[in-house]
Amino acid sequence: MTEEGKSLEDRQAALDAIAAEVRQCEKCPLHSARTNAVPGAGPVDADIMFIGEAPGFHEDQQGLPFVGASGKYLDQLLALIDLTRADVFITNVVKCRPPGNRDPLSTEIDICMPAYLKRQAEIIEPKIVATLGRFSMALFFPPSARISRIHGQPKRANNRIYYPLYHPAAVLRNPNLRPVMEEDFKRIRDLLDDIEAAGGTIEDEPPPPQQLSLF
Ligand code: URA
Ligand code: SF4
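On a predicted model such as this, the values are computed, not experimentally measured, just so you know.

What is the right way to look at helix α4 (residues 106-124) in this model?
Quick reminder: α-helices carry 3.6 residues per turn. Residues three or four places apart thus point the same way. The largest bend along α4 measures about 50 degrees and falls at Met113, with the proline Pro114 one to four residues further on. Of all the positions in α4, only Glu108, Ile109, Cys112, Met113, Ala115, Tyr116, Leu117, Gln120, Ala121, Ile123 and Ile124 are classed as buried. Tucked inside the fold, the buried residues of α4 contact α1 (8-24), β1 (48-52), β2 (89-92), α5 (134-140) and β5 (160-165). The positive-phi residue at the C-terminal boundary of α4 is Glu125, with phi of around 50 degrees.

If you want it as structure tokens, here you go:
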């Protein structure tokens, strides 16, 4: 069933129910080392969904996404385009912190993503799915895609724009990427304006790209 026609209250309740499931989840081994699961945060009617990789130390402590150094930088980037966290939904591919901040395993992603991220996106129906880093990028772009080549290039499909960005932590580690990241971010404002001018519709690109579309 699509979310079309549902009231904002019903959609919010559905999103809250997913968050409650996430907090109790024991579907994959990441549950055992976590302090708090991190379902994500933001309004159910957000036009943009940002998807990071996995909670880090501070996120695990607080149960909230992007509250450490990467999150502070993300706030600055949002401010560049006159947005705040109250305007966007922010979440991660996996909702529990991998021990020692290791990369999430594909087995963990394969369990968590369809169980939670996919359902969150179905409820929020964001116009723009902005991926932060290569793990979330890999959900929507072919395995051959390299972030250094495709960052900042919107892909239009499913009445949605998939927009790959560097991970804020990568930019903090490599300050040479700052101007690039900031330009990529500013482009989000143009994309939002274009979507609004088109009355909310997004044409697929011609010819339709090879689709690896999970949602
Ligand atoms: N890095 C991520 O990918 N996600 C967070 O929530 C925090 C840091
Ligand atoms: Fe459940 Fe996802 Fe946490 Fe694994 S990472 S325990 S699937 S919420």
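Back to the write-up after that little detour.
When you look at empty space enclosed by the protein in this model, what are you seeing that I'm missing?
Tallied over the full model, the rule gives one cavity of 30 Å³ or more. The calculated volume of the largest cavity comes to roughly 100 Å³. What lines the largest cavity is a set of 14 residues, among which Cys25, Cys28, Cys96, Cys112 and Tyr116 lie closest to the centre. For the lining of the largest cavity, the leading source of residues is α4, giving four residues. Counted by class, the lining of the largest cavity contains eleven nonpolar, one polar and two charged residues.

Each value, and the rule that gives it
Residues numbered from 1 in each chain as written. Chains lettered and ligands numbered in written order. Predicted model: local features only at pLDDT ≥ 70, side-chain atom pairs only at ≥ 80, totals over all residues. Heavy atoms only, no water. Bend = angle between axes of the 7 residues up to and from the residue. Helix = DSSP H or I, 4+ residues; strand = E, 2+ residues; numbered from the N terminus. Buried < 20%, exposed > 50% of the residue type's maximum accessible area, 1.4 Å probe, protein only. Contact = heavy atoms within 4.5 Å. 1 Å grid on protein atoms, 1.4 Å probe; cavity = no way out; pocket = protein on both sides within 12 Å on 5 of 7 lines; lining within 4 Å. Points joined across faces, edges and corners; volume = space filled by probe spheres on them. Nonpolar A, V, L, I, M, F, W, Y, C, P; charged D, E, K, R; others polar.

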